[in-house]
Amino acid sequence: MDKKTLSWSMHVLLLLVAVFFAFLLSLSVGEVSIPFRDMFSVLSDKDSMEYGVLSYIRIPRTLLGFAVGGGLSLSGAILQGIYRNPLVEPYTLGISGGASLGITFAIVAGLHLANALFLPLAGFIGALATIFLVYALSTRRGMLEINRMLLIGVMISFISSSLMMFLMSVTSAENIHGIVFWTMGSLNESNNAMIGLVVILSVACLLVSYIFVMPLNALRLGEENARHLGVDSGTTIRILFILTSLLTGACISVAGIIGFVGLVIPHIVQLWVGSDYRIKLIASFLSGSVFLILCDVAARTIIAPNELPIGVITGIIGGIVFIVLLSRSEKHSKFVQR
Amino acid sequence: MKELLVLDNVSCGYKSGFYINDINFSLSEGIFAGIVGPNGSGKTTLFRGISGDLSLHKGAVYFEGKDFSELSLREKAQKVAIVSQFTEVADITVEEYVLMGRMPYRKQFQFFDKKEDVEIAHHYMHLTNTYRLKDKSMAALSGGERQMASIASALTQNPRLLLLDEPTSHLDITHQVRFMNLIQRLNEELKLSVMMIVHDLSLAGEYCDYLVMMKNGRIFEKGNPVEVLTYENIEKVYETVVVVETNPVSGNPVVFPVSERRMKEFVEKTKP
């Protein structure tokens, strides 16, 4: 095994250990505290209250954190790669705007009262509609134009948020509360089937993304250079865009808007492991999972027994960490250039 | 000599209106060819037509006797390597960057780099004197070093033909000459055919065996440097007054620009 393979394996191993401990922490902390050492005995005693807390509340919630954190971070890493723009994240492309609009519409129309499942469904349809719009409007003469796509994504975000404001201004206070609450994001999802779906989708997308790992590596040199190396840049970008959009759409529909994970985590991971996608994809996924699980723990404990919206935590922590790293890496890169 | 690349009545261009038309020439194997012409005469467009980045409007490009447009991207990348005018500045080490040149030879799901690939990359890094920069980031290199790294990466593709788009335009004279000498050596020792866009006519005259001179999207003249680089041709194509002399060492044409003021003085002095 050469040096690179060894170092990559160590990184993955380290992250898996981190995921494990984040899981343990997330399962143990809360209104009912369950110490680490009791975790396994609790899980074998199906009649205890702790078992109920774990299996009905904390395990699904932690799994959702794992899937959404990993999914958003993976999407961010891939999108930053295909757009070759470090500021792109799943939300820049209008996907969250579309999902929010879908949800707002569902709440205003009262669909959520009929069946709770209509809410994520509406979010997902909104996300899909945006993806389709962005994709269609950015395709000219059969070619997908990357910069155009970015601008159209941003514009669609603006339009959807304006439409959302409009809907909010004509609806009842109760509905506004529901909309705002959803917008802030939460891992509190009671439908296990939905959680299972997001987990499966996240892991599946991680696996599928590895089919395109070398084309992604080549795309670091630009679309045209990648093509000169024999990579079908257009097809790669197309498939990856659709893949990440579906994943993001699903994550947002279930967990609401959780910002910064898709933007900040891939950056931090790149500073740590380098820009080779063979390690960056899995490292981004696992780091995103750890980050979101830990943020959720913070959201649950800071003002316990009440709960902070998780989007608030990720925004504050992510933003600060990002600024600190950016100012540090700038010094670093100047030093290197000299 | 076997024909390597044949352009048969090629026309291609952009929807915005710029086209190159009726391009006919052929390059034999092992040639060192140069493309010259003023800005906007269609040199880069010609390259994009050959590489397949622009689809041909008319005519065809044949490579080793086969229609080049029918090859897959991967097959093209095994035959022709392209070094663009600007090397992308990515956060990637020089070694990783050069290794990307093995991309067209990777198996579909080959996850790790083969030992053989790494060896080829290292070989060309030694040859271009970039091995010492192996672990540096591409972003931290100077223009000359970056250009050398991109040559190493292109050579790692093991191409039959190397296309270079103005590779020396932002290098100082030391690096220009070093670069051109390297390309000349590769051309001779590896029997690698080279076609390059050159701005500096004297460099083109000194290093190339064959020149294609373009004007307004058409070929104005083609042939060996002595035939192409005459002051009449240059004045017509570039609309500039020049003096063409012979390099006393190599016997190749050298092109001197003449300033407007000196030209006036010269004309006055020589008036009867």
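These numbers come from a predicted model, not from an experiment.

With that settled, the discussion passes to the overall build of chain B. Scanning chain B for helices and strands turns up 10 helices and 12 strands. The C-alpha atoms of chain B give 20 Å as radius of gyration, which agrees with the globular expectation for 272 residues (19 Å, within 12%). Seen along its three principal axes, the alpha-carbon backbone of chain B occupies a region of about 80 × 45 × 40 Å. Looking at chain B alone, contacts between residues at least 24 apart form 65% of all its contacts between residues at least 6 apart. Split by element, the accessible area of chain B, about 13,200 Å² in all, is 51% carbon and sulfur. Separation between the mean location of the 31 positive side-chain charges and that of the 36 negative ones in chain B comes to 2 Å.

Right, let's get into the interface of chain A and chain B. The interface of chain A with chain B comprises 29 residues on the first partner and 28 residues on the second. The junction of chain A with chain B conceals about 2,400 Å² of combined surface from both sides, 58% of it contributed by carbon and sulfur atoms. Three residues, A:L221, A:H228 and A:L229, lead the burial of chain A against chain B; their summed loss comes to 26% of the area buried on that side. Our enumeration of links across chain A and chain B arrives at 5 salt bridges. A salt bridge links B:D53 to A:R227, with the nearest nitrogen and oxygen atoms 3.2 Å apart. Where chain A packs against chain B, one counts 8 residue pairs in polar contact (both at pLDDT 80 or more). Counting only elements with at least two residues in the side of chain A that touches chain B, the list comes to α1 (3–28), α10 (213–219), α11 (223–228) and α15 (310–337) of chain A. The element that contributes the greatest number of residues to the side of chain A that touches chain B is α10(A), accounting for 5 residues.

Residue and element names in this part refer to chain B. As paired elements, strand β1 (residues 3–13) and strand β2 (residues 19–28) share 7 bridges and run antiparallel to each other. What sits directly across from V6, in β2, is S26. The turn joining β1 and β2, which pair antiparallel and follow one another in sequence, is formed by 5 residues; a positive phi near 125° is taken by G17. Where β1 lies against strand β4 (residues 58–63), 5 bridges are found, and the strand directions are antiparallel. Residue L5 lies in a different strand from β4, and its bridge partner there is F63.

Turning our attention to a nonpolar patch on the surface. On the surface, a cluster of nonpolar side chains totalling about 710 Å² of accessible area is made up of A:V180, A:F181, A:M184, A:V312, A:I316, A:I317, A:I320, A:V321 and A:V324. Broken down by element, the nonpolar patch gets its largest block of residues, 6 residues, from α15(A).

Next up on the list: the sheet that holds β1(B). Residue and element names in this part refer to chain B. With antiparallel pairing, 4 strands are arranged side by side in an open sheet as β2-β1-β4-β5. Pairing within the sheet leaves two strands with one partner each, and these edge strands are β2 and β5 (66–67). With respect to the sheet, helix α1 (residues 43–51) is in contact with β1, β2 and β4, its orientation differing from that of β1 by roughly 115°.

Bringing the pattern of salt bridges into the picture now. If you walk through the whole model with that rule in mind, you get 18 salt bridges over all chains. Two residues, A:E307 and A:R61, come together in a salt bridge whose shortest N-O distance is 2.9 Å. Linking A:E307 in the loop between α14 (277–301) and α15 with A:R61 in helix α3 (residues 49–83), this pair joins segments that are 246 residues apart in sequence. On the basis of relative accessible area, A:E307 is assigned to the partly exposed category, the value being 36%. A salt bridge links B:E96 to A:R220; the nearest nitrogen and oxygen atoms lie 3.2 Å apart. Remark: A:R220 occurs in the loop between α10 and α11 and B:E96 occurs in helix α3 (residues 94–99); the pair is interchain, linking two chains. One continuous salt-bridge network, built from bridges that share partners, spans A:K4, A:D276, A:R278, B:R106 and B:D113.

Helical geometry note: an α-helix holds 3.6 residues per turn, so side chains three or four residues apart project in the same direction. All names here are of chain A. Look at helix α13 (residues 261–273): 17 Å from first C-alpha to last across 13 residues, which is about the 18 Å you get at 1.5 Å a residue. Where α13 is concerned, the buried positions are V261, G262, L263, V264, I265, P266, H267, V269 and V273. With its phi angle positive at about 95°, G274 sits one or two positions after the end of α13.

Residue and element names in this part refer to chain B. The 6 strands are arranged β6-β7-β8-β3-β9-β10 in an open sheet whose pairing can be described as mixed. Each having just a single partner strand, β6 (80–83) and β10 (218–223) make up the two edges of the open sheet. Taken over all neighbouring pairs, the strand axes of this sheet differ in orientation by 15° on average, direction set aside. The pairing of strand β3 (residues 32–36) with strand β9 (residues 210–215) spans 4 bridges and is parallel. Looking at the pairing, V36 lines up with M213 of β9. Most of the contacts of α1 go to strand β8 (residues 193–197), to which it runs at about 145°, and overall it touches β3, β6, β7 (161–165), β8 and β9.

Moving on: the confidence of the model for chain A. Residue and element names in this part refer to chain A. Put simply, chain A has an average pLDDT of 85, and 96% of its residues get 70 or more. Here strand β2 (residues 143–144) is the element of chain A with the lowest mean pLDDT, 68, and α14 is the one with the highest, 93. Predicted confidence for residues 331–338 stays below pLDDT 50, and this span has 3 contacts to residues more than four positions away or in other chains.

This next bit is on unusual backbone geometry. Glycine aside, residues mostly have negative phi, and peptide bonds are mostly found in the trans state. Residues and elements named next belong to chain B. Not every positive phi belongs to a glycine, and D22 is a case in point at roughly 50°. Its place among the elements puts D22 in strand β2. Under the relative-accessibility criterion, D22 is labelled partly exposed at 31%. One non-glycine residue with positive phi stands out, namely N216, at about 45°. Position of N216 among the secondary structure elements: in the loop between β9 and β10. A relative accessible area of 59% means that N216 is categorised as exposed.

Once that is clear, we can look at the environment of A:L281. All names here are of chain A. You can see L281 is positioned in helix α14. Owing to a relative accessible area of 0%, L281 belongs among the buried residues under this scheme. For the pair L281 and G65, spaced 216 residues apart in the sequence, the C-alpha separation amounts to 18 Å. With residues up to four places along the chain from it excluded, the contact list for L281 reads L74, I78, L206, S209, Y210, V213 and L216.

Parameters at a glance
Residues numbered from 1 in each chain as written. Chains lettered and ligands numbered in written order. Predicted model: local features only at pLDDT ≥ 70, side-chain atom pairs only at ≥ 80, totals over all residues. Heavy atoms only, no water. Helix = DSSP H or I, 4+ residues; strand = E, 2+ residues; numbered from the N terminus. Rg over C-alpha atoms; globule rule 2.2 N^0.38 Å. Contact = heavy atoms within 4.5 Å. Areas by Shrake-Rupley, 256 points an atom, 1.4 Å probe, with all protein chains shown as cover. Lys, Arg positive; Asp, Glu negative; His and termini not counted. Charge placed at Lys NZ, Arg CZ, Asp CG, Glu CD. Buried area = accessible area lost by both parts, 1.4 Å probe. Salt bridge = Lys/Arg side-chain N within 4 Å of Asp/Glu carboxyl O. Polar contact = N/O pair within 3.5 Å; in protein donor to acceptor, adjacent residues only side chain to side chain. Pairing = 2+ DSSP bridges. Patch = residues over 30% accessible without salt bridge, like charges linked within 9 Å, V, L, I, M, F, W, Y side chains within 5 Å. Axes fitted to C-alpha atoms, helices over the stretch in contact; angles between N-to-C directions. Buried < 20%, exposed > 50% of the residue type's maximum accessible area, 1.4 Å probe, protein only. Expected span 1.5 Å × (residues − 1). pLDDT = per-residue confidence, 0-100.

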